[in-house]
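Spelled out, the chains give:
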Amino acid sequence: MAAAGSDHGLKRIVWKRIKDTIITDCRKSELWKILILDPFTTKLLSSCCKMSDLMAEKITIVEDLFRKREPVTEMKAIYFMTPTSKSVDAFIADFKSKPKYKGAYVYFTDFCPDDLFNNMKLYCAKYISVCKEINISFLPLEAQVFTCDNPGAFRSIYSPHSRDKRKTLETLADQIVTICATLDEYPGVRYKKDSNMENAKILAELVDNKLARHYELDDYGKKKEKTQAQLLIVERGFDAVSPILHELTYQAMVYDLVDIQDDTYRYKSKDGPEKQALLNEDDMLWVKLRHKHIAEVSEQIPKMVKEISAKKKQPDGKITISNLAQMMKKMPSFRKQLTEKTVHLQLAEDCMKHFSNNVEKICKAEQDLAVGSDVEGVKVKDSMRTLLPVLLHPYSKYDKIRAVLLYIFSLNGTTEENLNKLIQHVQIENEREFILNWKELGVPIITSPSLFSRKPTRRDRSQDELYSLSRWTPVIKDVMEDAVENKLDTKEWPHQSECPTAWNGSGAVSARQKHKQSAQDERRTGSRLIIFVIGGITYSEMRSAYEVTQAVKSCEVIIGSSHILTPVQLLDDIKALSKGPMEVLTIEERNNV
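Note that the structure is predicted; figures quoted are calculated from it, not measured.

## What about the overall build of the chain?
- Counting secondary structure elements, the chain contains 22 helices and 13 strands.
- Scored against the burial criterion, the 593 residues of the chain give a buried share of 53%.
- Within the structure as shown, the chain displays about 28500 Å² of accessible surface, and the carbon and sulfur contribution to it stands at 51%.

## A closer look at the confidence of the model for the chain
- Of all residues in the chain, 85% have pLDDT values of 70 or greater, and the mean over the chain is 86.
- Looking at the elements of the chain, mean pLDDT is at its lowest for helix α19 (residues 519-524), recorded as 42, and at its highest for strand β7 (residues 145-147), recorded as 97.
- Predicted confidence for residues 1-7 stays below pLDDT 50, and this span has 23 contacts to residues more than four positions away or in other chains.

## Some points on the environment of Val-62
- Mapped onto the elements, Val-62 comes out in strand β2 (residues 59-64).
- Its relative accessible area of 33% is what places Val-62 among the partly exposed residues.
- A C-alpha to C-alpha distance of 4.8 Å links Val-62 and Leu-35, two positions 27 residues apart in sequence.
- The residues contacting Val-62, other than those within four sequence positions of it, are Leu-35, Leu-37, Met-51 and Leu-54.

## A few points about the side chain of Ser-561
- Here Ser-561 lies in strand β13 (residues 555-561).
- A polar side-chain atom of Ser-561 sits 2.5 Å from the main-chain carbonyl oxygen of Val-533.
- Leaving out residues up to four positions away in the same chain, Ser-561 has contacts with Phe-146, Thr-147, Cys-148, Phe-532, Val-533, Gly-535, Gly-536 and Ile-537.

## A few points about the sheet that holds strand β5 (residues 128-133)
- Spatially, β2-β1-β3-β4-β5 is the arrangement adopted by the five strands of the open sheet, whose pairing is parallel. Each edge of the open sheet carries a strand with a single partner, namely β2 and β5. Taking the axes of each pair of neighbouring strands and ignoring which way they run, one obtains an average angle of 20 degrees across the sheet.
- Note: strand β3 (residues 72-81) against strand β4 (residues 101-108), seven bridges, orientation parallel. Across the sheet, residue Val-72 finds its bridge partner in β4, namely Tyr-101.
- Packed on one face of the sheet, helix α2 (residues 39-48) meets β1 (33-37) and β3 and runs near 115 degrees to β1.
- Sheet contacts for helix α5 (residues 114-124): β4 and β5; angle to β5, the most-contacted strand, approximately 175 degrees.

## With respect to the sheet that holds strand β9 (residues 229-235)
- Here six strands make up an open sheet; going across it, the order is β6-β7-β13-β12-β9-β8 and the pairing mixed. Edge positions in the sheet fall to β6 (139-142) and β8 (188-191), since each has one partner strand and no second. Between one strand and the next, the sheet's axes are offset by a mean angle of 25 degrees, whatever the strand orientation.
- Judged from the seven bridges that link them, β9 and strand β12 (residues 527-534) form a sheet pairing that is parallel. Within β12, the position partnered with Ala-229 by the bridge is Arg-528.

## A word on a nonpolar patch on the surface
- On the surface, Trp-32, Met-51, Met-55 and Val-62 cluster together to form a nonpolar patch covering roughly 340 Å² of accessible area.
- Tracing the chain through its elements places Met-51 in helix α3 (residues 51-56).

## As for the pattern of salt bridges
- Applying the stated rule across the entire model yields 32 salt bridges.
- A salt bridge links Arg-528 to Glu-556; its shortest N-O distance comes to 2.8 Å. Linking Arg-528 in strand β12 with Glu-556 in strand β13, this pair joins segments that are 28 residues apart in sequence. For the pair Arg-528 and Glu-556, one class covers both residues: buried.
- Through salt bridges with shared partners, a single ionic network connects Arg-459, Glu-481, Asp-482, Glu-485 and Lys-487.

## Section: the packing of helix α1 (residues 10-27) against α2
- The N-to-C vectors of α1 and α2 enclose an angle of 115 degrees; their axes lie 8 Å apart at closest approach. Taken together, the axes of α1 and α2 are roughly perpendicular relative to one another. The crossing of α1 and α2 is left-handed. When α1 is examined against α2, the residues Lys-11, Val-14, Trp-15 and Ile-18 are found in contact with a partner set consisting of Leu-44, Leu-45, Ser-47 and Cys-48.

## With respect to the packing of aromatic side chains
- If you walk through the whole model with that rule in mind, you get 16 aromatic pairs.
- On the basis of an interplanar angle of 75 degrees and a centroid distance of 5.6 Å, the ring pair of Tyr-398 and Phe-434 is categorised as edge-to-face. Residue Tyr-398 is found in helix α15 (residues 397-411), and its partner Phe-434 is found in helix α17 (residues 433-436); the two are separated by 36 residues along the sequence.
- Tyr-398 gets classed as partly exposed once you look at its relative accessible area, which sits at 23%.

## What about helix α16 (residues 416-426)?
- Among the residues of α16, Asn-418, Leu-419, Leu-422, Ile-423 and Val-426 are the ones counted as buried. For α16, the buried positions fall inside an angular range of 135 degrees around the axis, keeping them on one side.
- For α16, the elements touching its buried residues are α14 (383-392), α15 and α17.
- Positive phi shows up at Gln-427, right after α16, with a value of about 60 degrees.

## Considering unusual backbone geometry
- Backbone geometry at Asn-412 places phi at a positive 60 degrees, although glycine is not the residue there.
- Checked against the element boundaries, Asn-412 lands in the loop between α15 and α16.
- The backbone of Asn-486 shows a phi angle near 55 degrees, a positive value even though the residue is not glycine.
- Considering the arrangement of structural elements, one finds Asn-486 in the loop between α18 (475-484) and α19.
- Judged by its relative accessible area of 18%, Asn-486 is buried.

Cut-offs applied
- Residues numbered from 1 in each chain as written.
- Predicted model: local features only at pLDDT ≥ 70, side-chain atom pairs only at ≥ 80, totals over all residues.
- Heavy atoms only, no water.
- Helix = DSSP H or I, 4+ residues; strand = E, 2+ residues; numbered from the N terminus.
- Buried < 20%, exposed > 50% of the residue type's maximum accessible area, 1.4 Å probe, protein only.
- Areas by Shrake-Rupley, 256 points an atom, 1.4 Å probe, with all protein chains shown as cover.
- pLDDT = per-residue confidence, 0-100.
- Contact = heavy atoms within 4.5 Å.
- Polar contact = N/O pair within 3.5 Å; in protein donor to acceptor, adjacent residues only side chain to side chain.
- Pairing = 2+ DSSP bridges.
- Axes fitted to C-alpha atoms, helices over the stretch in contact; angles between N-to-C directions.
- Patch = residues over 30% accessible without salt bridge, like charges linked within 9 Å, V, L, I, M, F, W, Y side chains within 5 Å.
- Salt bridge = Lys/Arg side-chain N within 4 Å of Asp/Glu carboxyl O.
- Parallel < 35°, antiparallel > 145°, perpendicular 65-115°, else oblique.
- Left-handed = near helix turned anticlockwise from the far one by under 90°.
- Phe/Tyr/Trp six-rings, centres within 6.5 Å; stacked < 30°, edge-to-face > 60°.
- Arc of directions from axis to C-beta.

Right under this line is the structure:
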């Protein structure tokens, strides 16, 4: 199964949900069937199952709803689609004049509006055997990570030109309700209060109202009580540092420095054609390595390869890609094991190449600016002295912009005069939006000297620091630990709705100390903390969810957002915020609109 990462992983839960509804209904008839998907449900299914899983359930062909298809009148078709007019129109077209299939089982990801439903009934009622809404309108990306598959939400929410902010927040709220429903949770809802930004508060209200409606009556006519879960909603501007910093843990580093498209790594073997590997939870080595520091990854992979070659009494020597290619030719039985290792050997080598060429030198400055002190713990008194060497070195434009932003964040804003000098230095006079548009996220960029505000205090992690170039910890990790320990300040994190019993009171689990099981802890066992970040999450924040879950054991942390961020993509999105509505669209997109 695709969800090898975890027995309780989101992917497995989603696949089970799909099996229990769609597949179980269709099993009642022994016939083989066709499955018809739209782009979103295609992504959804491929994230949680393989074609062989579908074949095992008597599904013989998978087709695209919007492509021209040959009629197969002797077979029934399963339609799994989003409840949009485009999808419903395509469905109606399949049956209106001349039916393409013997009949239809229709499943919507989410609530289908009455007008669309009535339209279907009007034209196709006699062909529809089943019509259900299954409440899954998110993508399970990893065992503990979900997305709403909507990178465009960033612009809709933060652009001053946006015309659909409210509608976007409504849609995100509906999607968050479906993740709660899929996990069978009715959580207490809290949000991060912010004097400049209202989005988290609005989204929390929307989610809470929609959850109340969803759980008003269950199948037995009873109102569902709150479960042992808490949902926290926070905006991207709450931690501007984490998405900009160069991260040195494997997954985050790979997506920042290597060109990965659709989770696919393309690489060339020395003497062969281009190859590709999918980075997902089917690859157990990826699951094992993704959150480790690159120093450990670079050490561990060659060791693993040596172990394999030792079993075959290969001459010991330096592990290189070309040696491996030779070994694989000689040992077909080990090919699969080795291929997996070779991919990561190559990928880690790629990361290290970028690291030693450029990133290593920048990292020290970035860490000092982000943390506010150097490796010895001495406070950075003059941030400009830390930044200057980066500006004077011929780094790429994006690397310099990242360093300048970290400088500005470290001071909680700078003067207009100073900013102008920095912009000239980086030579982005015509692209000032890379920096100025952060204000749309509520991040202070230009402040007058008298207004420099104090930064919030952070947890002391100096004892945990293993690597001098990885001293920064995402702010969300502090929040996760504080939430699990019931230390979140109610003024900063107001309750939108009543809190389940296990999440109030004190003396909760410490996320960092070995602890005896307290009564609070036992009540909390099996509870969930769900975090939703408006405006995208980073790979380091995803890693934090696993680390806190690992440390606490009694509480699973799940994190999600509209989409996953990489530093360069985020900078491009920030820059584009000030463009007018039509300037952003490509010609093809405009035509589609």
